[in-house]
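Observations on chain architecture
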Amino acid sequence: MMLLRRFFSTTHRTNVKVSVLGAAGGIGQPLALLLKLNPLVTELYLYDIVPHTPGVGADISHIDTNSYTKAAKGPEEVAEALCGAELVVIPAGVPRKPGMTRDDLFDTNASIVRDLMEFVCKFCPKAVITIVTNPVNSCLPIAAQVMKKNKVFDPNRLIGVTTLDIVRSSTFVASIKGMDPTKLKIPVVCGHSGETIVPLISHCKPKVDLSKDEIVCVIKRIQNAGTEVVKAKAGAGSATLSMAYSGARFVGAVLRGMTGESNVIECSMVAHDYCGLNYFAGPLLLGKNGVEKKFGLPDEISDFENELVKIALPILKKNIKRGEDFDNCGS
Ligand code: NAI
């Protein structure tokens, strides 16, 4: 049974069905919770393949916010989760264990993303898709290949979520200066793993005054922050709570754009013919149809940031090619 609450107004719409694929996992559950609290979400479908998926759905559905929530378990229920979805979030896949890089997840997660994207192409080809699954640098191109094969690819509706890098940048820089992190905005460009994460401290708003040593040190920490969490969790997974917060923040921004708010800008990774690459992370203007404008790199960055970009580009290119070449995507 579908309970629909649809509210229309002439300028702003507030009826969006959101589906989370991988919703019973470490990221999926708190992300679903945060989305249940977002008033722009009117229908929330929680899809996973594990037996406790209906329990996660039942649990979240008891929260007294103004949205209909339902779980869907396994491929036989995926159509219900996806039909009519306008925004799909994919955190399905295995996380890192100590000693692993994000790239080490490729063999398992590539086929998970490919298979889920086949469902998306079949049941909600016009939805905005946000990919959380690592390695994002490769999973985004895999998702695009599947969409191309199915002739439904729209570069403005497929996004790799890099928001956690932006969140960490604000937190770490603010902690050095004793500032409120919610007041800092630092763009992060290139990609989402190790040296492909390039925070542009010189474009921090408001400006912060850091020494060269502080900049080198904080950038290293941002680039390795995921590993910091993986080590501290000692085999129990990678960042889940901060990622759920970041995912909810990014999805919230996409929803604000989709429902008519203007000037919504967040960084993330999209198909972008830029710097000799097919995909690039940078500031995006989000609007009614997903991404409305991709800003790429600002005109002026510091010499040090320029060096970091030079290091990042060939690694990112390799990561992207690995995704594009993933066999079984066809095209
Ligand atoms: P997890 O193992 O706790 O949860 C993953 C969930 O995906 C599980 O519930 C599992 O049953 C589900 N799943 C697996 N295959 C599926 C399929 N075919 N269909 C539907 N669901 C499926 O892992 P966690 O910690 O939630 O991480 C998920 C992914 O997010 C990992 O790849 C991780 O590396 C990535 N991640 C991404 C970040 C980013 O900044 N983009 C940050 C942190 C993690």
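Cut-offs and rules
- Residues numbered from 1 in each chain as written.
- Predicted model: local features only at pLDDT ≥ 70, side-chain atom pairs only at ≥ 80, totals over all residues.
- Helix = DSSP H or I, 4+ residues; strand = E, 2+ residues; numbered from the N terminus.
- Rg over C-alpha atoms; globule rule 2.2 N^0.38 Å.
- Buried ≥ 20, exposed ≤ 12 C-beta atoms within 10 Å, placed from the backbone.
- Contact = placed C-beta atoms within 7 Å.
- UniProt positions renumbered as here; feature names shortened; annotations may be inferred.
- Near = placed C-beta within 6 Å.
- Nonpolar A, V, L, I, M, F, W, Y, C, P; charged D, E, K, R; others polar.
- Pairing = 2+ DSSP bridges.
- Right-handed = clockwise from strand over helix to strand, strands pointing away.
- Axes fitted to C-alpha atoms, helices over the stretch in contact; angles between N-to-C directions.
- Left-handed = near helix turned anticlockwise from the far one by under 90°.
- Core = buried A, V, L, I, M, F, W, Y, C linked by C-beta atoms within 7 Å.
- pLDDT = per-residue confidence, 0-100.

Let us look at the overall build of the protein chain. When you go through the protein chain residue by residue, the secondary structure sums to ten helices and eleven strands. For the protein chain, whose C-alpha radius of gyration is 19 Å, the value lies close to the compact-globule estimate of 20 Å for 331 residues. Across its three principal directions, the C-alpha atoms of the protein chain cover 60 × 45 × 40 Å. Out of the 331 residues in the protein chain, the part that is buried amounts to 48%. Taking the contacts inside the protein chain whose residues are at least 6 apart along the sequence as the reference set, 71% of them involve residues at least 24 apart.

Moving on to the UniProt feature "domain: Lactate/malate dehydrogenase C-terminal" (unreviewed entry) in the protein chain. UniProt feature "domain: Lactate/malate dehydrogenase C-terminal" (unreviewed entry): in the numbering of this structure it lies at residues 162-326. Summarising residues 162-326: 46% helix, 20% strand, and an end-to-end C-alpha distance of 22 Å.

Below, the discussion takes up the site of the ligand. As a matter of local geometry, the ligand sits amid 34 residues, with Gly22, Gly25, Gly26, Ile27 and Asn134 nearest to it. Secondary-structure elements contributing two or more residues to the shell around the ligand are strand S2 (41-48) and helix H4 (106-123). Looking at the shell around the ligand element by element, the count peaks at four residues for H4. Considering only residue class, the shell around the ligand consists of 19 nonpolar, twelve polar and three charged.

With that out of the way, let us pick up the pairing of strand S4 (residues 87-90). Neither face of S4 is left uncovered, since the one carrying Leu87 and Val89 and the one carrying Val88 and Ile90 both have all their residues buried. Two strands pair when backbone bridges link them, and strand S1 (residues 16-21) and S4 are joined in this way by three bridges, in the parallel orientation. The residue bridging serine 19 from the neighbouring strand is valine 88, located in S4. Of the strand pairs in this sheet, S4 and strand S5 (residues 128-131) are connected by four bridges, and their pairing is parallel. The residue of S5 that forms the bridge with valine 88 is isoleucine 129. For the segment spanning S4, H4 and S5, crossover handedness is right-handed.

Right, let's get into the UniProt feature "domain: Lactate/malate dehydrogenase N-terminal" (unreviewed entry) in the protein chain. What UniProt calls "domain: Lactate/malate dehydrogenase N-terminal" (unreviewed entry) maps, in this numbering, to residues 16-160. Within residues 16-160, the helical portion is 38% and the strand portion 21%, while the C-alpha atoms at the span's ends are 20 Å from each other.

Another aspect to go through is the packing of helix H5 (residues 136-149) against helix H10 (residues 303-324). Each packed pair of helices is defined by two parameters, the angle between the axes and the distance between the axes. H10 packs onto H5 with a crossing angle of 35° between their chain directions and a minimal axis gap of 7 Å. Crossing handedness for the pair H5 and H10: right-handed. Here Asn137, Ser138, Cys139, Leu140, Pro141, Ile142 and Gln145 of H5 lie close against H10, whose contacting residues are Leu316, Asn319, Ile320, Arg322, Gly323 and Glu324. Broken down by class, the residue content of the contact of H5 with H10 amounts to six nonpolar, five polar and two charged.

Leu87, Val88 and Ala143 are the most contacted members of the largest nonpolar core, which totals 98 residues. With sequence-adjacent residues up to four places away left out, leucine 87 is seen in contact with Val16, Val18, Ala127, Val128, Val251, Val254 and Leu255.

Averaged over every residue, the pLDDT of the protein chain is 94; residues scoring 70 or more account for 95%. Overall, residues 1-10 carries pLDDT values under 50, and its contacts beyond four positions in sequence, including any with other chains, amount to nine contacts. Note on the complex model: pTM 0.95, ipTM 0.99.

The next point concerns the pairing of strand S10 (residues 277-287). Note that strand S9 (residues 264-274) and S10 share nine bridges and pair antiparallel. Bridge pairing in S10 links valine 270 to phenylalanine 280. Here S10 runs beside strand S11 (residues 290-294); their pairing, made up of four bridges, is antiparallel. Bridge pairing links leucine 285 to lysine 293 in S11. With antiparallel pairing between neighbouring strands as the criterion, S10 and S11 make up a hairpin whose turn holds two residues.

Here we take up unusual backbone geometry. The omega angle of the peptide bond from asparagine 134 to proline 135 is -5°, so this bond is cis rather than trans. That bond from lysine 205 to proline 206 is cis: its omega, -5°, falls within 30 degrees of zero. With respect to the helices, strands and loops of the structure, proline 206 is situated in the loop between strand S8 (197-199) and helix H7 (212-223). Notably, lysine 151 is not glycine yet its phi reads approximately 60°, a positive angle. Relative to the elements of secondary structure, lysine 151 occurs in the loop between H5 and strand S6 (158-160). Note on lysine 151: 8 C-beta atoms within 10 Å, which makes it exposed.

On to the environment of asparagine 319, then. Examined against the element boundaries, asparagine 319 turns out to sit in helix H10. Its 27 C-beta neighbours within 10 Å are what place asparagine 319 among the buried residues. Measuring from C-alpha to C-alpha, the distance between asparagine 319 and isoleucine 129 comes to 20 Å, with 190 residues separating the pair along the chain. Non-local contacts of asparagine 319, meaning those with residues more than four positions away in its chain, are made with Asp103, Pro135, Asn137, Ser138, Gly191, Ser193 and Thr196.

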